[in-house]
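Architecture at a glance
Residue-level listing of the chains:
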Amino acid sequence: MDKVISVSFGEVALKGQNRYFFENKLVRNIKNIAKGMGQTKVYKEQSKIYIEVEEEYEEELIKRLRRVFGIVNISPSYRIEKNIDDIKESSLKILEEIRSRRDIKTFKVAANRADKRFQPNSVELAKEVGAYILNNSEGLTVDVHNPDIYVYIDIRSNCYIYTDKIKAFGGLPVGTNGKGLLLLSGGIDSPVAGFMIAKRGVQISAVHYHSYPFTSERAEEKVKTLAEILTNYCGKIKLYSVNLLNIQKEINEKCPEDEMTIISRRFMMRIAEKIAMKEEIDALITGESLGQVASQTIKGIHVTNSSVSLPVLRPLIGMDKVEITEISKEIGTFETSILPFEDCCTVFLPKHPVTRPKLEDIEESEKVLDVKKLVEDAIDKMEVYEMRP
Ligand code: ATP
Ligand code: MG
């Protein structure tokens, strides 16, 4: 019996012709997270992926696999010979080993054949193995509806036996669905937005706007930490850090006070788009959620959106704060997001921001600004960080 970790992927397996592309990408992503963990071997066997890993790294590897998009379930498994006697004996042995650590009274055998040439068929196989376990153990009964433990038998090129299915996030392997540039603030929402789009297979880069020295270095560190947490799911992230202070000062001086937020938001979008074009990124991503704050009304979003032509993905648009917060806790960004450092938007916060801005009015107000130059200057001075898991 060799120990391996088996990985199943739901949606990926359904992708028709593209299947190999998705599967191979997933294998590559798994190899990447397994780097530095001793001798590992990753291989495919009929639409499942298996990983041989040294025992001491097993736990850490499973922890990392849970954050790899595309994976639905992870099972610590035993690989054995594909013959009925071995299957019976190994199933019993595995079950007894678990019983020595845990109280188990009922079980059920569930069999599956990817190799249909194997005889007996899965129903018969489950019955035979179940009967063998019953006859050779004490104090165990079968419960087909709600057993304490399942013994899964999976017939492929080899036979695999496992008893546990650890849930992962599903989705699609990062890198199979283009690139997106996340507008990453220090708040709760935008890291969640990045997570959700990465889960659809998109490779993420991020841009953050600060107003240094009005905003502190610690605020900047906080955003780096958020990006770093995201790398656990998204792989490496290029983080662009842009000082918006000059632009904010210009707007503050020359535009109506109540339009401050919406106009700075349009600059954020323009700068992001410019970076995206340069880096061959095809979409922007924000953490906007409808109605959450003044700039996130439908009219506000229309005006912000009109400053760019790239698609803007807003995965949180229909979610409320409670749902978003739950995800941020689950993915581990919440504790960092709530650290109380100032955001660039709070530096020139208008007392009464416009909630129903008109595009013509905003465009009129912006005429006094040298938009192109302001954008270029900000990009010239930006800093770039490579964040890694
Ligand atoms: P978040 O929790 O993500 O900060 P929010 O509820 O505070 O969102 P806003 O401040 O209106 O909402 O920001 C809306 C979106 O605009 C953010 O989700 C983010 O994508 C982008 N954004 C806001 N501020 C910044 C910033 N300083 N740097 C980069 N992007 C930003
Ligand atoms: Mg914010």
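Everything below is about the structure shown above.
Notes on the structure in this doc start here. (Residues numbered from 1 in each chain as written. Chains lettered and ligands numbered in written order. Predicted model: local features only at pLDDT ≥ 70, side-chain atom pairs only at ≥ 80, totals over all residues. Heavy atoms only, no water.)

Taken together, 23 residues sit near ligand 1, with Leu 183, Ser 185, Asp 189, Ser 190 and Gln 292 positioned nearest. Between ligand 1 and Leu 184 there is a distance of 3.4 Å, counted from a nitrogen atom to a backbone nitrogen or oxygen. With respect to ligand 1, the side chain of Ser 185 contributes an N or O atom lying 2.4 Å from an oxygen atom. Coverage of ligand 1 by the protein amounts to 91% of the 570 Å² it exposes when considered alone. When contributions to the shell around ligand 1 are tallied by element, the ones reaching two or more residues are helix H6 (189-198), strand E11 (203-210) and helix H9 (260-278). Taken together, the residues that form the shell around ligand 1 break down as nine nonpolar, nine polar and five charged. (Near = heavy atom within 4 Å. Polar contact = N/O pair within 3.5 Å; in protein donor to acceptor, adjacent residues only side chain to side chain. Areas by Shrake-Rupley, 256 points an atom, 1.4 Å probe, with all protein chains shown as cover. Helix = DSSP H or I, 4+ residues; strand = E, 2+ residues; numbered from the N terminus. Nonpolar A, V, L, I, M, F, W, Y, C, P; charged D, E, K, R; others polar.)

Looking now at the nonpolar core. One finds Leu 181, Val 207, Tyr 209, Ile 271, Ile 275 and Leu 284 to be the most contacted residues of the largest nonpolar core, which totals 37 residues. Sorting the residues of this core by element identifies strand E10 (179-183), E11, strand E12 (237-243), helix H8 (245-254), H9, helix H13 (359-366) and helix H14 (371-380) as the ones contributing at least two each. Sort the elements by how many residues they give to this core and H9 lands first, with 10 residues. Grouped together as the second largest cluster of nonpolar side chains are 28 residues, Ala 193, Ile 197, Ala 227 and Leu 239 included. (Core = buried A, V, L, I, M, F, W, Y, C linked by side-chain atoms within 4.5 Å. Buried < 20%, exposed > 50% of the residue type's maximum accessible area, 1.4 Å probe, protein only.)

Let us now look at the pattern of salt bridges. Enumeration according to the criterion identifies 28 salt bridges in this entry. For Asp 2, the salt bridge goes to Arg 79, with nearest N and O atoms at 3.1 Å. Residue Asp 2 is located in strand E1 (residues 2-8), and its partner Arg 79 is located in strand E4 (residues 73-80); the two are separated by 77 residues in the primary sequence. The partly exposed category is assigned to Asp 2, whose relative accessible area is 39%. Look at Arg 79 and you get buried, because its relative accessible area is 16%. A salt bridge links Glu 221 to Lys 224, with the shortest nitrogen-to-oxygen separation between them at 3.6 Å. Taken together, the residues Glu 221 and Lys 224, both in helix H7 (residues 217-234) and three residues apart, mark about one turn of the helix. According to the relative accessible area criterion, Lys 224 is buried, its value standing at 16%. When salt bridges with common partners are traced through the structure, they connect Asp 2, Glu 52 and Arg 79 into a single cluster. (Salt bridge = Lys/Arg side-chain N within 4 Å of Asp/Glu carboxyl O.)

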